[in-house]
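The residues making up each chain are set out below.
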Amino acid sequence: MATGAISNIIWDWKLYKQWFRTRNNGFKWMLIVILAFPFFASTWEMKETTGFSPLQVLGLLVFIFGFLSFVRKGSTRTGTITFTFYIFLFLFILNHLMVFGYEQSFSQFGNSVRAVLPFVLFFYFRKYLNTIVDIEGFLITFLVASVFPIATLYYEILFDPIKEVYNTESRGGGLRLSGFYADLFGYMSHLICGFVCYCYFYIKNGSRKTKHWIFGNFGFLVVLLIFLIGVYNLRHQASWAVAICLLIVFVSFIRKKVSLLQLVVFFVIMVGVGIYFYFEVFEVLYAKDINVVEGKADDTRALNGRVWIWKRYFAYWEDFSVISQLMGSGFAQHPKSRIMMGGGMHNDYVRFFFSTGIVGILCYIYFLITVLRDSFKPVLIEFKFLLLATFIIVVMYSISSLPLLASGAMMYFITAIFAQTKKRGIW
């Protein structure tokens, strides 16, 4: 089917169910995982009493079946990836194998599987997600999966917190909602990625004369309020930055596809959000960073103290051999390598730097550049937005979070969309 014809498909519940039923089993099981993930994610804390949680079991099973699905014959693989990505991935896996060999613990085995899982998903989706129809079906599946966590979040906002976790005064104070989940990414992954999914279909339906009310001004306002109120109540610095950038990019994409009245409405909303953010959010959530910039606090306090963590472990890295510095901390066989390559870095760039060395991080950055370059090439405007929005999510969250390790359902969304890099045959 031609790309243009595919882009004109009007989805409804009946069509979605038909699409879901007709997917082959190699892809359908992943769709079921996406739908079930929010419920499994709510079991994370069971590991404190039983030693492991159903979420960890699910992650291991996805790793095994994802790998087996990729290596088995069948389903066309399209596109090629820049060779530097394979260098990065080789160094990443090799370093984790060396750390596991050094630690020889079940805990480290779990950490290594968890670290490699996003790349297993990346190659899985490159094999099984090969048409616009399937990509749109995936986006709808993600939206359906988002209903439970977002409904739970709004129960907490409107009625009563499920558990009370308070920020320190230095982080803006106030209650941080996380519900049944281990952290706020249980909610944030569905808010951020769910909003991107909605924007994709809004852009696609923007020029239609007749469309569902959800894609009109009122529908957009409802979705935008759900998104912004949710992000505000989760009180997360990086998420505000990501949300505002996504809104700016979204408006730039729809400016030629909507009426002048709609554009004025969007502009007024954007100005209102910007003013509110500056006076009610920025000075509170970013107080530490403002003090650092103004010279009122040490630079180690920036990004909620993450700079202090990075400096501490860079001091170990400086004493490593040249081979370890070039190729990764696993080569050092150092007791701190496990931590340096794990989630404690709170930054994917730093984590990948320690995990693959100078050579690996340069290869990873080049891969990101190719993703950005490819984001501007699709003919379909909505698909171009989807690629660019996902790139923004990864690049910005990676500064102070771990979108490719500890981001819940966001990791599945990111890897699925990044897997479309250099697959121009389906655009």
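Residues numbered from 1 in each chain as written. Predicted model: local features only at pLDDT ≥ 70, side-chain atom pairs only at ≥ 80, totals over all residues. Heavy atoms only, no water.

**Thoughts on the environment of Lys384**
Within the secondary structure layout, Lys384 lies in helix H19 (residues 381-397). Assessed through its relative accessible area of 18%, Lys384 is described here as buried. Taking the C-alpha atoms as reference, Lys384 lies 8.6 Å from Asp374; in sequence the two are 10 residues apart. (Helix = DSSP H or I, 4+ residues; strand = E, 2+ residues; numbered from the N terminus. Buried < 20%, exposed > 50% of the residue type's maximum accessible area, 1.4 Å probe, protein only.)

**A closer look at the side chain of Asn95**
Of note, Asn95 is situated in helix H6 (residues 83-103). On the accessibility criterion, Asn95 (0% relative accessible area) is buried. Of note is the side chain of Asn95, whose polar atom sits 2.7 Å from the backbone nitrogen of Gly330. When neighbours within four sequence positions are excluded, Asn95 is seen to be in contact with Met327, Gly328, Ser329, Gly330, Phe331, Met341, Ser355 and Thr356. (Polar contact = N/O pair within 3.5 Å; in protein donor to acceptor, adjacent residues only side chain to side chain. Contact = heavy atoms within 4.5 Å.)

**Considering the side chain of Glu136**
In this structure, Glu136 sits in helix H8 (residues 132-145). Classification of Glu136 by relative accessible area gives buried; the value is 1%. Within the local environment of Glu136, its side chain forms a polar contact with the side chain of Tyr200, the two groups lying 2.7 Å apart. In contact with Glu136, not counting residues within four places along its chain, are Trp11, Tyr200, Phe201 and Lys204.

**Looking at the packing of H6 against helix H7 (residues 106-128)**
At a minimum axis distance of 9 Å, the contact between H6 and H7 shows a crossing angle of 165°. In terms of orientation, H6 and H7 fall into the roughly antiparallel class. When the axes of H6 and H7 are compared, the crossing they make is left-handed. Contacts from Phe85, Tyr86, Phe88, Leu89, Phe92, Ile93, His96, Val99, Phe100 and Glu103 in H6 reach Gln108, Phe109, Ser112, Ala115, Val116, Phe119, Phe122 and Phe123 in H7. (Axes fitted to C-alpha atoms, helices over the stretch in contact; angles between N-to-C directions. Parallel < 35°, antiparallel > 145°, perpendicular 65-115°, else oblique. Left-handed = near helix turned anticlockwise from the far one by under 90°.)

**Looking at helix H10 (residues 185-205)**
Taking 1.5 Å per residue, 21 residues should reach 30 Å; H10 reaches 29 Å between its end C-alpha atoms and fits that length. Judged by how many residues are buried, H10 sits mostly within the fold: 21 of 21 residues are covered. (Expected span 1.5 Å × (residues − 1).)

**Focus on the pattern of salt bridges**
Per the stated rule, a full pass over the model turns up five salt bridges. With a closest N to O distance of 2.9 Å, Glu136 and Lys204 form a salt bridge. With Glu136 in helix H8 and Lys204 in helix H10, this residue pair connects regions lying 68 residues apart in the sequence. Considered together, Glu136 and Lys204 belong to a single accessibility category, that of buried residues. Where Asp348 meets Arg351, a salt bridge forms, and the shortest distance between an N and an O atom there is 2.7 Å. Taken together, the residues Asp348 and Arg351, both in helix H18 (residues 348-375) and three residues apart, mark about one turn of the helix. Taking the relative accessible area as the measure of exposure, Arg351 reaches 0% and is therefore buried. (Salt bridge = Lys/Arg side-chain N within 4 Å of Asp/Glu carboxyl O.)

**Describing the packing of helix H3 (residues 25-41) against helix H5 (residues 54-71)**
Orientation of H3 relative to H5, taken along the N-to-C sense of each, is 165°, at an axis distance of 10 Å. By the criterion of interaxial angle, the relationship of H3 to H5 is roughly antiparallel. Our pair here, H3 against H5, has a crossing hand that is left-handed. For the pair H3 and H5, the contacting residues are Trp29, Met30, Val33, Phe37, Phe40 and Ala41 in the first and Pro54, Leu55, Leu58, Val62, Phe65, Gly66 and Ser69 in the second. A class-by-class count of the residues in the contact of H3 with H5 yields 11 nonpolar, two polar and no charged. (Nonpolar A, V, L, I, M, F, W, Y, C, P; charged D, E, K, R; others polar.)

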